[in-house]
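Given next are the chains, with one letter for each unit.
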Amino acid sequence: MMPGMDGVEICRRLQEDHNSLTYVILLTSKTGNDNIVAALQAGASDYLTKPFQPAELFARLRVGERITKLQLQLTQREKLEAIGRLASGIAHEINTPTQFVGENTRFLRDAFVEMDKLLKRYSELHLACRNGGATPELLSTIEKLCEDIDIEYLTKEVPIAIGQTLDGVDRVA
């Protein structure tokens, strides 16, 4: 019965304007189930008719305080759960490319070791050719090493592994 706006309208506007944790106790002289239902549907948290006992009002305020604390705890818990889901998703998005970057790096390390063996043999062949001492055995050793390390496979796969590794680094970044 306030000038310009009644309690139900205030509750309605609070509900529309603020999605907050405001606990509203409507104090009114209006009685009857229709008034109580209208106030609660408009957003009132509780309804108390005049005349009221101060002890009852304080008891209802304590209930409102407990409910508000529980709502805050629930909101906080929901936020923490959302952060947890977000962190889990981010960890997954980082972990997946990091794994294949690691796998490719180990492959490149192993491929380099094998190719280094071959390069050393080619250096020996180069030196032998300069000195006029290239032997069929040295050529045979190099050919066997090329087969053993599967040089065709490595020359095809090493550039792919490098590209995937760079892609993984870009994805993590």
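Please refer to the structure placed before this passage.
Positions within a chain are numbered from 1, following the residues in the order the chain's sequence is written. Reporting in this predicted model follows two pLDDT cut-offs: at least 70 for local features of residues, and 80 or more for side-chain atom pairs to be given and counted; totals over whole chains, interfaces and linings ignore these cut-offs and use all residues. Derived side-chain values reflect all non-hydrogen atoms in the structure, with water molecules and hydrogen atoms excluded from consideration.

Chemist: I'd love a proper account of a nonpolar patch on the surface, names of residues and values included.
Modeler: Residues with no salt bridge and a relative accessible area higher than 30% make up the patches, which join like charges within 9 Å and nonpolar side chains (Val, Leu, Ile, Met, Phe, Trp, Tyr) within 5 Å. Calculation of accessible area relied on Shrake-Rupley with a 1.4 Å probe; when residues are assessed, cover is drawn exclusively from the protein chains displayed. Criterion for a salt bridge: a side-chain nitrogen of Lys or Arg within 4 Å of a carboxyl oxygen of Asp or Glu. A cluster of nonpolar side chains, Leu86, Ile90, Ile94 and Val172, forms an exposed patch at the surface whose accessible area comes to about 330 Å². Numbering of helices and strands runs from the N terminus; a helix is a DSSP stretch of H or I covering at least four residues, while a strand is a stretch of E covering at least two. The dominant element in the nonpolar patch, judged by the number of residues it contributes, is helix α3 (residues 54-131), at 3 residues. Within the fold, Val172 resides in helix α5 (residues 151-172).

Chemist: I'd like to hear about the packing of α3 against helix α4 (residues 136-149), residue by residue, with values.
Modeler: Packed helices, taken two at a time, are described by their axes: the angle between them and the distance between them. Viewed as axis vectors pointing N to C, α3 and α4 meet at an angle of 165 degrees, and their least axial separation amounts to 10 Å. Comparing their axes, α4 and α3 come out roughly antiparallel. Where α3 crosses over α4, the two elements pack in a sense that is left-handed. Where α3 abuts α4, its residues Glu114, Met115, Lys117, Leu118, Arg121, Tyr122, Glu124, Leu125 and Ala128 lie against Leu138, Leu139, Thr141, Ile142, Leu145, Cys146 and Ile149. For the contact of α3 with α4, a count of residues per class yields 11 nonpolar, 1 polar and 4 charged. Note on definitions: angles span 0 to 180 degrees between N-to-C directions of axes, and those axes are lines fitted to C-alpha atoms, for helices only across the stretch in contact. The scheme is simple: roughly parallel for angles under 35 degrees, roughly antiparallel for over 145, roughly perpendicular for 65 to 115, oblique for anything else. Here a crossing is called left-handed whenever its near helix is offset anticlockwise from the far helix by less than a right angle, and right-handed whenever the offset is clockwise. Any two residues whose heavy atoms approach within 4.5 Å at even a single point are treated as in contact. Residues are grouped as follows: nonpolar covers Ala, Val, Leu, Ile, Met, Phe, Trp, Tyr, Cys and Pro; charged covers Asp, Glu, Lys and Arg; every other residue, Gly included, is treated as polar.

Chemist: Outline α5, supporting the account with residue identities and numerical values.
Modeler: The first and last C-alpha atoms of α5 sit 31 Å apart over 22 residues, in line with the 32 Å expected at 1.5 Å per residue. Bending of α5 peaks at approximately 25 degrees at the position of Glu157, with proline Pro159 no more than four residues after it. Contacts from the buried residues of α5 go to α3 and α4. Helices are assigned an expected span. That span is 1.5 Å times one less than the residue count. The angle separating two fitted axes, one through the seven residues that finish at a residue and one through the seven that start at it, defines the bend at that residue.

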